[in-house]
Amino acid sequence: MENELISIIVPIFNVENYLRECLDSIHRQTYENFECLLIDDGSSDNSAVICKEYVAKDSRFRYFKKENGGLSSARNFGIEVANGEFLVFADGDDIIDRYQLEFLYDKLKEYDADIAIGSYHQYSEKDGCFYIHFTDEDYVEQPYGPDELIMKIPELEKIDLSFVTAWGKLFKKKLFNHVRFPENKLAEDAFIMYKLFLQCEKIIFIKKSLYTYRKSDTSLTGCKMSEEKLSFAPESRMERLAILAALGYDVSEHARWYLEGLKFSLYEAGENVLESTETARRIRENVYFLEHYSIK
């Protein structure tokens with residue numbers, strides 16, 4: 001059977017210094033039946049010029065220009081125009097291993113899964129080092145049912161970003177029929193990943209680094225904390241906690257993980273002189289009640 005079309009969605013915003021490296025890594029994929037959707041989210045640098053170079057030399061690349069709306073808006077735009085049966089997300093300043101599509105597609109088919117999850121390297125612009133670097137000896141293939149994975153999320157999210165982020169994965173597109181990334185939020189992936197897992201019959205995780213995530217001062221994780229940003233991570237965990245509880249899941253571990261997240265947000269508030277804000281006050285309030293009035 002001929003390999004099916006994979007749509008690679010690449011949100012782009014002022015990443016001219018890294019974009020060619022990202023697009024070269026896509027152009028070199030060993031899995032050739034893909035379309036690469038370049039979603040220019042209102043860039044003011046030379047990103048558009050670079051995108052058009054790749055469109056001119058490879059018909060699999062398609063360029064779209066839109067007004068700036070943020071990462072979620074660009075990804076949602078890409079979902080709407082995607083023609084593939086499968087979706088992959090890649091940020092415009094990151095790098096995809098040349099075997100990523102082929103490897104994830106083959107494993108998804110082998111396990112008859114709805115999502116194939118790969119691992120990643122993290123590259124720090126600040127010190128020029130790679131982190132979370134897995135060797136061949138660390139290789140693991142771990143299938144999950146949706147309920148099993150939902151129960152393990154708090155444990156898995158403490159390890160790394162493999163089960164948190166949208167990048168580094170191959171999704172059946174149908175999972176997004178009723179799901180979109182929340183706009184005007186940070187930690188946007190945390191708002192939807194569990195909703196995608198809930199719809200699956202099987203998820204396959206492969207502990208093999210197939211993506212390089214670049215962390216820099218201009219990346220979302222490198223941005224200066226503000227009161228608004230302080231609220232996003234607790235909000236995503238609270239929403240997940242509420243939905244899973246309403247669906248009848250045992251959310252005791254999720255509640256403990258939510259409490260840990262609140263405490264970390266208070267630490268971030270202190271580090272960024274935000275401890276006197278209303279958001280920090282409400283987080284402290286929630287911590288108090290979770291610590292003092294838990295059901296015995």
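Residues numbered from 1 in each chain as written. Predicted model: local features only at pLDDT ≥ 70, side-chain atom pairs only at ≥ 80, totals over all residues. Heavy atoms only, no water.

### Details of the side chain of Thr212
Line of reasoning, step 1. By secondary structure assignment, the location of Thr212 is in strand β10 (residues 203–215).
Line of reasoning, step 2. Excluding its chain neighbours within four sequence positions, the residues that come into contact with Thr212 are Asp94, Ile95, His121, Tyr123 and Phe130. (Helix = DSSP H or I, 4+ residues; strand = E, 2+ residues; numbered from the N terminus. Contact = heavy atoms within 4.5 Å.)

### Overview of a nonpolar patch on the surface
Line of reasoning, step 1. A cluster of nonpolar side chains, contributed by Tyr288, Phe289 and Tyr293, occupies part of the molecular surface with about 350 Å² of accessible area.
Line of reasoning, step 2. Here Phe289 is to be found in helix α10 (residues 278–292).
Line of reasoning, step 3. Take Phe289: its relative accessible area is 47%, and that puts it in the partly exposed class. (Patch = residues over 30% accessible without salt bridge, like charges linked within 9 Å, V, L, I, M, F, W, Y side chains within 5 Å. Areas by Shrake-Rupley, 256 points an atom, 1.4 Å probe, with all protein chains shown as cover. Salt bridge = Lys/Arg side-chain N within 4 Å of Asp/Glu carboxyl O. Buried < 20%, exposed > 50% of the residue type's maximum accessible area, 1.4 Å probe, protein only.)

### A short note on the pattern of salt bridges
Line of reasoning, step 1. Applying the stated criterion across every chain, the model contains 22 salt bridges.
Line of reasoning, step 2. A salt bridge links Glu21 to Arg214, with the nearest nitrogen and oxygen atoms 3.0 Å apart. In this pair, Glu21 is assigned in helix α1 (residues 16–27) and Arg214 in strand β10, connecting sequence segments 193 residues apart.
Line of reasoning, step 3. Its relative accessible area of 41% is what places Glu21 among the partly exposed residues.
Line of reasoning, step 4. The partner of Asp40 in a salt bridge is Lys65, with the nearest N and O atoms 3.4 Å apart. Placement of Asp40 in strand β2 (residues 34–41) and of Lys65 in strand β3 (residues 61–66) is noted, with a sequence separation of 25 residues between them.
Line of reasoning, step 5. For Lys65, a relative accessible area of 47% puts it in the partly exposed group.
Line of reasoning, step 6. Among the charged side chains, a salt-bridge network with shared partners connects Glu21, Glu125 and Arg214.

### Observations concerning the packing of α1 against helix α2 (residues 47–57)
Line of reasoning, step 1. As a packed pair, α1 and α2 sit with axes 9 Å apart at the nearest point and diverge in direction by 20°. For the element pair α1 / α2, the angle class is roughly parallel. For the crossing formed where α1 meets α2, the hand is right-handed. On α2, the residues that touch Glu16, Leu19, Arg20, Leu23 and Asp24 of α1 are Ser47, Ile50, Cys51, Glu53, Tyr54 and Lys57.
Line of reasoning, step 2. Considering only residue class, the contact of α1 with α2 consists of 5 nonpolar, 1 polar and 5 charged. (Axes fitted to C-alpha atoms, helices over the stretch in contact; angles between N-to-C directions. Parallel < 35°, antiparallel > 145°, perpendicular 65-115°, else oblique. Left-handed = near helix turned anticlockwise from the far one by under 90°. Nonpolar A, V, L, I, M, F, W, Y, C, P; charged D, E, K, R; others polar.)

### So, the environment of Leu156
Line of reasoning, step 1. With respect to the secondary-structure elements, Leu156 resides in helix α5 (residues 146–157).
Line of reasoning, step 2. On the basis of relative accessibility, which here comes to 9%, the residue Leu156 falls in the buried class.
Line of reasoning, step 3. Once residues within four sequence positions are removed from consideration, Leu156 is found in contact with Tyr144, Leu149 and Phe163.

### Describing unusual backbone geometry
Line of reasoning, step 1. In this model, Ala187 sits at a positive phi of 55°, which is unusual for a non-glycine residue.
Line of reasoning, step 2. Mapped onto the secondary structure, Ala187 falls in the loop between β9 (169–172) and α6 (193–198).
Line of reasoning, step 3. Phi is positive for Val273, close to 55°, though the residue is something other than glycine.
Line of reasoning, step 4. Relative to the helices and strands, Val273 is located in the loop between α9 (252–271) and α10.
Line of reasoning, step 5. Looking at Val273, the relative accessible area reads 67%, which means it is exposed.

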